[in-house]
Amino acid sequence: MSVSGRPIDVLLVEDDPGDELMTREAFEDNKIGNTLHVVRDGEEALDFLYRRGEYENAPRPDLILLDLNLPKYDGRQVLEQVKSDNDLTDIPVVVLTTSAAEEDILRSYRLHANAYVTKPVDLDQFIRAVRQIDEFFVQVVRLPRR
(Lines give C-alpha, C1' and ligand atoms only; values in the text may rest on other atoms or scores of the structure.)
Protein backbone atom coordinates (compact mmCIF):
# COMPACT_ATOMS: atom_id res chain seq x y z
CA MET A 1 0.00 0.00 0.00
CA SER A 2 1.14 3.51 -0.73
CA VAL A 3 1.48 6.30 1.81
CA SER A 4 -2.04 7.37 0.81
CA GLY A 5 -3.29 3.97 2.00
CA ARG A 6 -4.51 2.80 -1.39
CA PRO A 7 -3.08 -0.27 -3.11
CA ILE A 8 -0.93 0.47 -6.12
CA ASP A 9 -0.80 -1.26 -9.49
CA VAL A 10 2.56 -2.84 -10.24
CA LEU A 11 3.37 -4.01 -13.76
CA LEU A 12 5.88 -6.87 -13.82
CA VAL A 13 7.46 -7.36 -17.25
CA GLU A 14 9.04 -10.81 -16.96
CA ASP A 15 9.38 -13.70 -19.40
CA ASP A 16 10.83 -16.26 -16.97
CA PRO A 17 8.03 -18.19 -15.20
CA GLY A 18 10.35 -18.98 -12.28
CA ASP A 19 11.18 -15.31 -11.71
CA GLU A 20 7.50 -14.42 -12.03
CA LEU A 21 6.66 -17.03 -9.40
CA MET A 22 9.38 -15.73 -7.05
CA THR A 23 8.04 -12.19 -7.46
CA ARG A 24 4.49 -13.35 -6.71
CA GLU A 25 5.78 -15.22 -3.65
CA ALA A 26 7.66 -12.10 -2.53
CA PHE A 27 4.45 -10.08 -2.77
CA GLU A 28 2.52 -12.72 -0.82
CA ASP A 29 5.28 -13.24 1.75
CA ASN A 30 5.54 -9.51 2.35
CA LYS A 31 1.75 -9.20 2.63
CA ILE A 32 1.90 -6.60 -0.10
CA GLY A 33 -1.66 -5.53 -0.82
CA ASN A 34 -0.76 -4.12 -4.20
CA THR A 35 -2.05 -5.51 -7.48
CA LEU A 36 0.57 -7.30 -9.55
CA HIS A 37 -0.06 -7.37 -13.30
CA VAL A 38 2.25 -9.57 -15.36
CA VAL A 39 3.17 -9.42 -19.03
CA ARG A 40 5.74 -11.72 -20.59
CA ASP A 41 7.45 -9.72 -23.34
CA GLY A 42 8.17 -6.19 -24.47
CA GLU A 43 5.33 -6.09 -26.94
CA GLU A 44 2.80 -7.09 -24.26
CA ALA A 45 4.30 -4.45 -21.96
CA LEU A 46 3.70 -1.72 -24.53
CA ASP A 47 0.20 -3.05 -25.26
CA PHE A 48 -0.57 -2.92 -21.52
CA LEU A 49 0.83 0.61 -21.15
CA TYR A 50 -0.99 1.92 -24.22
CA ARG A 51 -4.13 -0.11 -23.44
CA ARG A 52 -4.22 -1.92 -26.76
CA GLY A 53 -5.93 -5.20 -27.64
CA GLU A 54 -6.64 -7.43 -24.65
CA TYR A 55 -5.28 -4.70 -22.35
CA GLU A 56 -7.74 -1.98 -23.38
CA ASN A 57 -9.06 -1.81 -19.79
CA ALA A 58 -5.66 -2.11 -18.11
CA PRO A 59 -4.98 0.29 -15.25
CA ARG A 60 -2.13 2.76 -15.50
CA PRO A 61 0.63 1.19 -13.40
CA ASP A 62 2.09 3.13 -10.49
CA LEU A 63 5.35 1.20 -10.76
CA ILE A 64 7.00 -0.97 -13.42
CA LEU A 65 9.37 -3.84 -12.59
CA LEU A 66 11.19 -4.48 -15.86
CA ASP A 67 13.43 -7.34 -16.92
CA LEU A 68 15.98 -6.43 -19.60
CA ASN A 69 16.22 -9.66 -21.57
CA LEU A 70 12.78 -10.07 -23.10
CA PRO A 71 11.45 -11.48 -26.36
CA LYS A 72 10.03 -9.22 -29.09
CA TYR A 73 11.10 -5.84 -27.63
CA ASP A 74 13.79 -6.08 -25.01
CA GLY A 75 13.60 -4.22 -21.73
CA ARG A 76 15.91 -1.45 -22.95
CA GLN A 77 13.52 -0.68 -25.82
CA VAL A 78 10.54 -0.70 -23.45
CA LEU A 79 12.38 1.57 -21.02
CA GLU A 80 13.33 3.97 -23.79
CA GLN A 81 9.72 4.12 -25.01
CA VAL A 82 8.29 4.68 -21.53
CA LYS A 83 10.76 7.42 -20.63
CA SER A 84 10.36 9.23 -23.96
CA ASP A 85 6.54 9.35 -23.81
CA ASN A 86 5.11 12.36 -21.93
CA ASP A 87 2.13 10.29 -20.78
CA LEU A 88 4.28 7.51 -19.29
CA THR A 89 7.58 9.12 -18.30
CA ASP A 90 6.55 9.78 -14.69
CA ILE A 91 5.91 6.09 -13.97
CA PRO A 92 8.88 4.85 -11.93
CA VAL A 93 10.70 1.97 -13.62
CA VAL A 94 12.84 -0.44 -11.62
CA VAL A 95 15.04 -2.62 -13.80
CA LEU A 96 14.95 -6.04 -12.12
CA THR A 97 17.26 -8.32 -14.05
CA THR A 98 19.89 -11.03 -13.75
CA SER A 99 22.49 -8.88 -15.51
CA ALA A 100 25.16 -7.28 -13.37
CA ALA A 101 27.03 -6.02 -16.44
CA GLU A 102 28.25 -2.45 -16.04
CA GLU A 103 27.14 -1.61 -19.60
CA ASP A 104 23.54 -2.68 -18.80
CA ILE A 105 23.53 -0.66 -15.60
CA LEU A 106 24.93 2.44 -17.30
CA ARG A 107 22.61 2.17 -20.31
CA SER A 108 19.56 1.68 -18.09
CA TYR A 109 20.33 4.82 -16.11
CA ARG A 110 21.04 6.74 -19.30
CA LEU A 111 17.57 5.68 -20.45
CA HIS A 112 16.29 7.14 -17.15
CA ALA A 113 15.55 4.00 -15.14
CA ASN A 114 14.66 4.98 -11.58
CA ALA A 115 16.59 2.07 -10.10
CA TYR A 116 18.58 -0.97 -11.18
CA VAL A 117 18.39 -4.16 -9.11
CA THR A 118 20.24 -7.36 -9.95
CA LYS A 119 18.02 -10.34 -9.18
CA PRO A 120 19.42 -12.47 -6.39
CA VAL A 121 19.42 -16.19 -7.21
CA ASP A 122 18.52 -17.22 -3.65
CA LEU A 123 14.74 -17.12 -2.97
CA ASP A 124 15.08 -15.47 0.45
CA GLN A 125 17.37 -12.76 -0.94
CA PHE A 126 15.02 -12.28 -3.90
CA ILE A 127 12.05 -11.83 -1.53
CA ARG A 128 14.10 -9.37 0.53
CA ALA A 129 14.99 -7.39 -2.62
CA VAL A 130 11.35 -7.16 -3.73
CA ARG A 131 10.35 -6.16 -0.19
CA GLN A 132 12.93 -3.36 -0.25
CA ILE A 133 11.68 -2.15 -3.63
CA ASP A 134 8.16 -2.12 -2.22
CA GLU A 135 9.18 -0.32 0.95
CA PHE A 136 11.08 2.35 -0.96
CA PHE A 137 8.80 3.01 -3.92
CA VAL A 138 5.51 2.41 -2.15
CA GLN A 139 6.02 3.43 1.48
CA VAL A 140 8.80 6.03 1.35
CA VAL A 141 8.53 7.75 -2.03
CA ARG A 142 5.46 9.71 -3.12
CA LEU A 143 4.28 8.39 -6.45
CA PRO A 144 2.54 10.65 -8.94
CA ARG A 145 -1.19 10.11 -9.21
CA ARG A 146 -2.64 10.40 -12.69
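Above this text sits the structure in question.
Remember, predicted model here, so these are calculated numbers, not experimental data.

This next bit is on the sheet that holds strand β4 (residues 93–97). With parallel pairing, the 5 strands of this open sheet are ordered in space as β2-β1-β3-β4-β5. Each end of this open sheet is capped by a strand with a single partner; those strands are β2 (35–39) and β5 (115–118). The average undirected angle you get between the axes of adjacent strands in this sheet is 20°. In terms of strand pairing, strand β1 (residues 9–13) meets β2 through 5 bridges, oriented parallel. Paired with Val-13 across the two strands is Val-39, which belongs to β2. Sheet strands in contact with helix α2 (residues 42–50) are β1, β2 and β3 (63–66), and its direction is about 130° off that of β2.

Relative to the assigned elements, Glu-14 resides in the loop between β1 and α1 (17–29). At a separation of 2.9 Å, a polar atom in the side chain of Glu-14 contacts the main-chain amide nitrogen of Asp-16. Of note is the side chain of Glu-14, whose polar atom sits 2.5 Å from the side chain of Lys-119. Beyond its immediate stretch of four places on either side in the chain, Glu-14 contacts Asp-19, Glu-20, Val-39, Arg-40, Asp-67, Leu-70 and Lys-119.

Below, the discussion takes up the nonpolar core. Where a protein is soluble and globular, its nonpolar side chains tend to be buried together. Core analysis: the biggest nonpolar cluster contains 23 residues, and Val-13, Ile-64 and Leu-66 have the highest contact counts within it. Those elements that provide at least two residues to this core are β1, α2, β3, α3 (75–84) and β4. When residues in this core are grouped by element, the largest group, 4 residues, is from α2. Within the second largest apolar cluster, 20 residues are counted, among which are Ile-8, Ala-26, Val-38 and Ile-133.

Bringing the side chain of Asp-67 into the picture now. Topologically, Asp-67 is positioned in the loop between β3 and α3. The exposure class of Asp-67 is buried, given its relative accessible area of 5%. Polar contacts involving the side chain of Asp-67 include one to the side chain of Thr-97, which spans 3.1 Å. The contacts of Asp-67, once residues within four sequence positions are left out, are Val-13, Glu-14, Asp-15, Gly-75, Leu-96, Thr-97 and Lys-119.

Conventions we followed
Residues numbered from 1 in each chain as written. Predicted model: local features only at pLDDT ≥ 70, side-chain atom pairs only at ≥ 80, totals over all residues. Heavy atoms only, no water. Pairing = 2+ DSSP bridges. Helix = DSSP H or I, 4+ residues; strand = E, 2+ residues; numbered from the N terminus. Axes fitted to C-alpha atoms, helices over the stretch in contact; angles between N-to-C directions. Contact = heavy atoms within 4.5 Å. Polar contact = N/O pair within 3.5 Å; in protein donor to acceptor, adjacent residues only side chain to side chain. Core = buried A, V, L, I, M, F, W, Y, C linked by side-chain atoms within 4.5 Å. Buried < 20%, exposed > 50% of the residue type's maximum accessible area, 1.4 Å probe, protein only.

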